Amino acid sequence: MLALDSPLLATSYLDNLNPAQRRAATYGVGVPAALPLLVIAGAGSGKTNTLAHRVAHLIVTGADPRRILLMTFSRRAATEMIRRVERIARKVIGEGAAVLTDALTWAGTFHGLGARLLRENAEQLGLAPSFTIHDREDSADLMNLVRHELGFSKTEARFPTKGTCLSIYSRCVNAETEIDRVLARSYPWCVNWAAELKSLFAAYVEAKQRQSVLDYDDLLLYWAQMMTDPDLASDIGERFDHVMVDEYQDTNRLQASILLALKPDGQGLTVVGDDAQSIYAFRAATVRNILDFPAAFSPPAEVITLDQNYRSSQAILSAANAVIDLAAERFTKNLWTERAAGSAPQLVNVRDEADQARFIAERVLENREAGATLKEQAVLFRASHHSGPLEIELTRRNIPFVKFGGLKFLDAAHVKDMLALLRFVENPRDRVAGFRLMQLLPGVGPTTAQRVLDQIELASEPLAALGAAEPPQRAGADWPDFLATIAALASGHAAWPADLERARLWYAPHLERKHEDAASRQADLIQLEQIAAGYPSRERFLTELTLDPPNATSDRAGPPHLDEDYLILSTIHSAKGQEWSSVFVMNVVDGCIPVDLGVGAPDEIEEERRLLYVAMTRAKDHLDLIVPQRFFTHGQSSTGDRHVYAARSRFIPTKLLGRFEQTAWPRAAAQPARPPSAGPRIDLQARMRGMWR
Ligand code: ATP
Ligand code: MG
């Protein structure tokens, strides 16, 4: 460890930072009673990089890495941050750096770290330490079950769907807002159901508690509640000397209250973000968190802004700046760059989505011919299902890809079955898991499963109650086999991850029976075992996997190995914080960006503008925005599925066209449409007559 005044420190690893970045990396380090710090700046200005340098600087100057709480947007971002910190620290302390950065065990997402703190303090909170976590789909299933029990699914006027109910519930919780206000503001067509929704949510909360399950929102809600107890709050706050948050613009009110409760005087607190990139308001994130941060403390926090962009070529940066300049309000200023102009971003007109997919595949291959790897290229889209035609085209041409965001590996029925088994062993009161699991057995239907689950739920020893339950007659030998498997897994005799193999062997005959393509599904389960090996325990595996599932891989192309080269497909939301040499943005048309919002409120439209800004600012050297003239919509309500003619996104109005180079692909698409007066293109009738002359 080096002393603060060591001459070595001044030179080495901070040299690459510009003066503002260096100030942010070193601000208050070693100074008693330093103010909290906010770094607010535009995309690609080095915020994440600066935060990594700050962590490295802290560690190198003697901070205990186990006492640093580092919150990032995804687990992937946390892992990447730790790697960066290690690379930086290595320059000063050599090989030893890895030992220290491995000790950054409190790096992860708000939700993941919340789950750990809750489990550690479970007993004091009256929670079962073995609580399991419901992902959104499980939560919707449970909401549905409760909705059904209360008879709301049979109401004459149509009661909101389970998905809508869950969204409303989630919005109330995360925005800490009364249901009436949430309904009036965001779900006006549901205002008449306010009373029923309240009783539904009350029953939903009770069901979760009886079953010892927490949903995503609970992790933040319980954490925030835990911090209202002064003793617990100071216990937890004192465990950490430094609390740091990246992408702070996308946190919600609960997260802000957790942060303030951890460090009420702000000491040791650093947050980093960009209000122009706030894209999670639909999950109740609020840009007010970052804007109000300085004044939350007295004296107010130190604010450092960065203004140089290191990521994008001049041409790309100025196009992105022009797009965000049209935003209604914004705090961060435009950035400048020393990079050369580079090629102008392209606005590529294509006929339809099929051509869009062909264009991307061809361009990606051309880039590869020119020496760019696939991994240096990414295709971004607004909604996960937009990439369907592209996935087919890539598979057809044998271009490997990995998709981030949207449908996950974990959503596959067989993977869910296996996870349900593990979750049920972990927490037999988890009804959604138990319900799914028992119905895998031949002869066990919903009624039988409910009966057994009822008995378990009321029992003080749920596993004993399961063993004592009357065996479903039609399940035959499968029932004792099921009980034996549960008992073996619950005993913990097989060490993790050998557990999972035991589970897979039990599941194999059921998989065979249920699915024709059992062999390829088996391969997924073996892959699941490999993933499992990366986690220290069954509980950590289930928790982390539920909170931050691994990337979806294509069934058809087969999962690429990590050392292989593959193209990145990602929703814009999941592309946050990342960068690639070439970026393609699909469907830059009204109806996609902005997404078809119907009666979109102005602030929702503004969020869509920021999304386009986030997408564009991922590009370093090449940026293609693709504008299909026709696309297929999955219509809601009466419109149904149909092709619609699309217009270029309203976020690139005519006055911005000078920032782009407009092209058409293939060339034919550039030809102007024939005027209607030109008559039929070919005289088919004359041809038919001519055949007989
Ligand atoms: P975003 O807003 O998209 O999250 P960011 O502000 O976090 O972006 P980084 O991802 O930290 O920006 O940095 C963007 C790129 O600029 C990275 O490739 C990083 O290595 C590079 N970079 C940052 N600071 C410097 C610097 N001082 N000198 C050279 N390169 C830098
Ligand atoms: Mg960043």
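Source: prediction; values computed, not measured.

Visitor: Mind showing me how you'd approach the nonpolar core here?
Guide: The nonpolar side chains of a soluble globular protein tend to be buried with one another. In this structure, Met 71, Ile 168, Leu 197, Leu 200, Phe 201, Trp 223 and Leu 259 are the most contacted members of the largest nonpolar core, which totals 69 residues. A total of seven residues in this core trace back to one element, the largest contributor, which is helix H11 (residues 194–210). Counting contributing residues per domain, this core is built from domain 1 (7–115 + 226–306) and domain 2 (132–211), each supplying no fewer than three. Excluding residues that lie within four positions of it along the chain, Leu 259 makes contacts with Met 71, Phe 110, Val 243, Val 245, Tyr 248, Leu 269 and Val 271. Residues Ile 279, Val 323, Ile 324 and Ala 327 belong to the second largest nonpolar core, which totals 46 residues.

Visitor: Would you take a moment to explain the pattern of salt bridges for this structure?
Guide: Where side chains of opposite charge bring their charged atoms close, a pairing between them can arise. One pass over the full model with this rule turns up 48 salt bridges. Between Glu 539 and Arg 119 there is a salt bridge whose closest N-O contact spans 2.8 Å. Taken together, the residues span a long stretch of sequence, with Glu 539 in helix H26 (residues 538–547) and Arg 119 in helix H6 (residues 110–120) at a distance of 420 residues. Grouping residues by exposure puts Glu 539 and Arg 119 together as buried. A salt bridge links Asp 180 to Lys 198; the shortest N-O distance between them is 3.8 Å. Placement of the pair is Asp 180 in helix H10 (residues 179–186) and Lys 198 in helix H11, with a sequence separation of 18 residues. Relative accessible area serves as the criterion here: at 39%, Asp 180 is assigned to the partly exposed category. Overall, the relative accessible area of 44% leaves Lys 198 in the partly exposed class. The network of salt bridges with common partners includes Asp 135, Glu 137, Asp 138, Lys 416, Arg 423 and Asp 430.

Visitor: Looking at this structure, how should I read the confidence of the model for the protein chain?
Guide: Caution applies to low-pLDDT regions: their predicted coordinates should not be interpreted in detail. Per-residue confidence for the protein chain averages 86 on the pLDDT scale, and 89% of its residues sit at or above 70. No element of the protein chain has a lower mean pLDDT than strand E12 (residues 552–553), at 40, and none a higher one than strand E14 (residues 580–585), at 98. Scored below 50 in pLDDT, residues 635–639 shows two contacts in the model against residues more than four places distant or in partner chains.

Visitor: Teacher, can you tell me more about the packing of H6 against H26 here?
Guide: Two numbers describe a pair of packed helices, the interaxial angle and the distance between the axes. With their axes 9 Å apart at the nearest point, H6 and H26 run at an angle of 145 degrees to one another. Crossing angle aside, the handedness with which H6 passes H26 is right-handed. When H6 is examined against H26, the residues His 111, Gly 112, Ala 115, Arg 116 and Arg 119 are found in contact with a partner set consisting of Glu 539, Arg 540, Thr 543 and Leu 547.

Visitor: How should the pairing of strand E7 (residues 269–273) be read in this particular structure?
Guide: As a general feature of sheets, a regular strand has side chains that alternate between the two faces. Of all five residues in E7, five are buried, a share of seventy percent or more. Covered by surrounding structure in E7 are Leu 269, Val 271 and Gly 273 together with Thr 270 and Val 272, the residues of both alternating faces. As paired strands, strand E1 (residues 37–41) and E7 are joined by four bridges and run parallel to one another. Its bridge partner being in E7, Leu 37 is matched across the sheet by Thr 270. Bridge analysis of strand E6 (residues 242–245) against E7 gives three bridges, and the strand direction is parallel. Within E7, the position partnered with Val 243 by the bridge is Leu 269. Read from E6 through helix H14 (residues 253–262) to E7, the crossover connection turns out right-handed.

Visitor: Help me understand the sheet that holds E6, please; the structure alone is not making it clear to me.
Guide: Within a sheet, neighbouring strands are paired by backbone hydrogen bonds and run either parallel or antiparallel to one another. Strand order across the open sheet formed by six strands is E3-E2-E6-E7-E1-E8, with parallel pairing between neighbours. The sheet is open, and its two borders are formed by strand E3 (107–108) and strand E8 (302–306), each paired with just one other strand. The pairing of strand E2 (residues 68–71) with E3 spans two bridges and is parallel. Its bridge partner being in E3, Leu 70 is matched across the sheet by Ala 107. Sheet strands in contact with helix H3 (residues 47–60) are E1, E2, E6, E7 and E8, and its direction is about 165 degrees off that of E6. Strand contacts of H6: E2, E3 and E6, with the helix running at about 140 degrees to E2, the strand carrying the most contacts.

Visitor: I keep staring at the packing of aromatic side chains and nothing clicks. Help me out?
Guide: Given two aromatic rings, their pairing is described by the distance between the two centres and the angle made by the two planes. One pass over the full model with this rule turns up 17 aromatic pairs. Measuring from ring centre to ring centre gives 5.9 Å for Phe 482 and Trp 506, while their planes differ by 45 degrees; the resulting arrangement is tilted. Within this pair, whereas Phe 482 is found in helix H23 (residues 478–491), its partner Trp 506 is found in helix H24 (residues 498–514), the two being separated by 24 residues in sequence. Between the NZ or CZ atom of Arg 116 and the centre of the ring of Trp 106, over which it lies, the distance is 3.8 Å. Residue placement shows Lys 333 over the ring face of Phe 331; its charged tip is 5.6 Å from the ring centre.

Conventions adopted
Residues numbered from 1 in each chain as written. Chains lettered and ligands numbered in written order. Predicted model: local features only at pLDDT ≥ 70, side-chain atom pairs only at ≥ 80, totals over all residues. Heavy atoms only, no water. Core = buried A, V, L, I, M, F, W, Y, C linked by side-chain atoms within 4.5 Å. Buried < 20%, exposed > 50% of the residue type's maximum accessible area, 1.4 Å probe, protein only. Helix = DSSP H or I, 4+ residues; strand = E, 2+ residues; numbered from the N terminus. Domains from an automatic or database assignment. Contact = heavy atoms within 4.5 Å. Salt bridge = Lys/Arg side-chain N within 4 Å of Asp/Glu carboxyl O. pLDDT = per-residue confidence, 0-100. Axes fitted to C-alpha atoms, helices over the stretch in contact; angles between N-to-C directions. Left-handed = near helix turned anticlockwise from the far one by under 90°. Pairing = 2+ DSSP bridges. Right-handed = clockwise from strand over helix to strand, strands pointing away. Phe/Tyr/Trp six-rings, centres within 6.5 Å; stacked < 30°, edge-to-face > 60°. Lys NZ or Arg CZ within 6 Å of the ring centre and 35° of its normal.

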